[in-house]
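The primary structure of each chain is shown beneath.
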Amino acid sequence: MTPLLADVPSPGPFELRLGGGGQFGTAAWAGVVGDVAQLTELRNDVRDALTLGGFPSDDRPFRPHLTVSYHSDGAVRRALAGYDGEPWPVTSFALMSSAEGRYEHLASWPL
């Protein structure tokens, strides 16, 4: 898989921040705002590379977010609704493995 992602074109470094929030089902989430166009470009290029490599993808729309909780909580949703976080630089992207709540860093690539 690493060679598939090594050739993903870089949109260049960009900035994101958390802002606002909402709920999918019972999951509370914080929105991702900032240079979302560059994030979307990177996401699309990664998805295209994986599709060409034979990895299936779904047709769900891309909604950048950070899942905060999988339990419905009105206080969390209200706090997220007005949240406006500090920006952070995005200078690379990474391939991670997730199993039973554990994450393992497999590889990363600079932007």
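What counts, and where the lines are drawn
- Residues numbered from 1 in each chain as written.
- Predicted model: local features only at pLDDT ≥ 70, side-chain atom pairs only at ≥ 80, totals over all residues.
- Heavy atoms only, no water.
- Helix = DSSP H or I, 4+ residues; strand = E, 2+ residues; numbered from the N terminus.
- Buried < 20%, exposed > 50% of the residue type's maximum accessible area, 1.4 Å probe, protein only.
- Contact = heavy atoms within 4.5 Å.
- Areas by Shrake-Rupley, 256 points an atom, 1.4 Å probe, with all protein chains shown as cover.
- Salt bridge = Lys/Arg side-chain N within 4 Å of Asp/Glu carboxyl O.
- Expected span 1.5 Å × (residues − 1).
- Arc of directions from axis to C-beta.
- Pairing = 2+ DSSP bridges.
- Axes fitted to C-alpha atoms, helices over the stretch in contact; angles between N-to-C directions.

## Quick word on the overall build of the protein
- The helix and strand tally for the protein stands at 3 helices and 6 strands.
- Across the protein, helices and strands are ordered from the amino to the carboxyl terminus as α-β-β-α-β-α-β-β-β.
- Over its C-alpha atoms, taken along the principal directions, the protein stretches across nearly 45 × 30 × 25 Å.
- The buried share of the protein, reckoned over its 111 residues, is 27%.
- Expressed as a percentage of contacts within the protein between residues at least 6 apart in sequence, the contacts between residues at least 24 apart total 61%.
- On the protein, roughly 7400 Å² of surface is accessible, and the fraction owed to carbon and sulfur atoms is 54%.

## Quick look at the pattern of salt bridges
- The full count for this structure, using the stated rule, is 3 salt bridges.
- The salt bridge involving Asp 84 is made with Arg 17; its shortest N-O contact spans 2.2 Å. Here Arg 17 lies in strand β1 (residues 14–24) and Asp 84 lies in the loop between α3 (74–81) and β4 (88–90), a separation of 67 residues in the sequence.
- Note on Asp 84: relative accessible area 54%, which makes it exposed.

## Here's the deal with helix α2 (residues 36–52)
- Its 17 residues give α2 an end-to-end C-alpha distance of 24 Å, which sits within 8% of 24 Å, the value for a rise of 1.5 Å per residue.
- Buried residues of α2: Leu 39, Leu 42, Val 46 and Ala 49, and no others. Burial along α2 is one-sided: seen end-on, the buried residues are contained in an arc of 95°. Facing away from the buried side of α2 by over 90 degrees, the exposed positions are Ala 37 and Leu 52.
- Just downstream of α2 lies Gly 54, where phi reads positive at about 95°.

## Section: the sheet that holds strand β2 (residues 27–34)
- What the 4 strands build is an open sheet, ordered β3-β2-β1-β4; its pairing is antiparallel. What marks the edges here is a single partner per strand, and that holds for β3 (65–69) and β4. On average, adjacent strands in this sheet sit at an angle of 45° to one another, irrespective of strand direction.
- In terms of strand pairing, β1 meets β4 through 3 bridges, oriented antiparallel. Paired with Phe 14 across the bridge in β4 is Val 90.
- Where α2 meets the sheet, its contacts fall on β1 and β2, and the angle it forms with β1 comes to roughly 85°.
- Helix-sheet contacts for α3 involve β1, β2 and β3, and the interaxial angle to β1 is about 145°.

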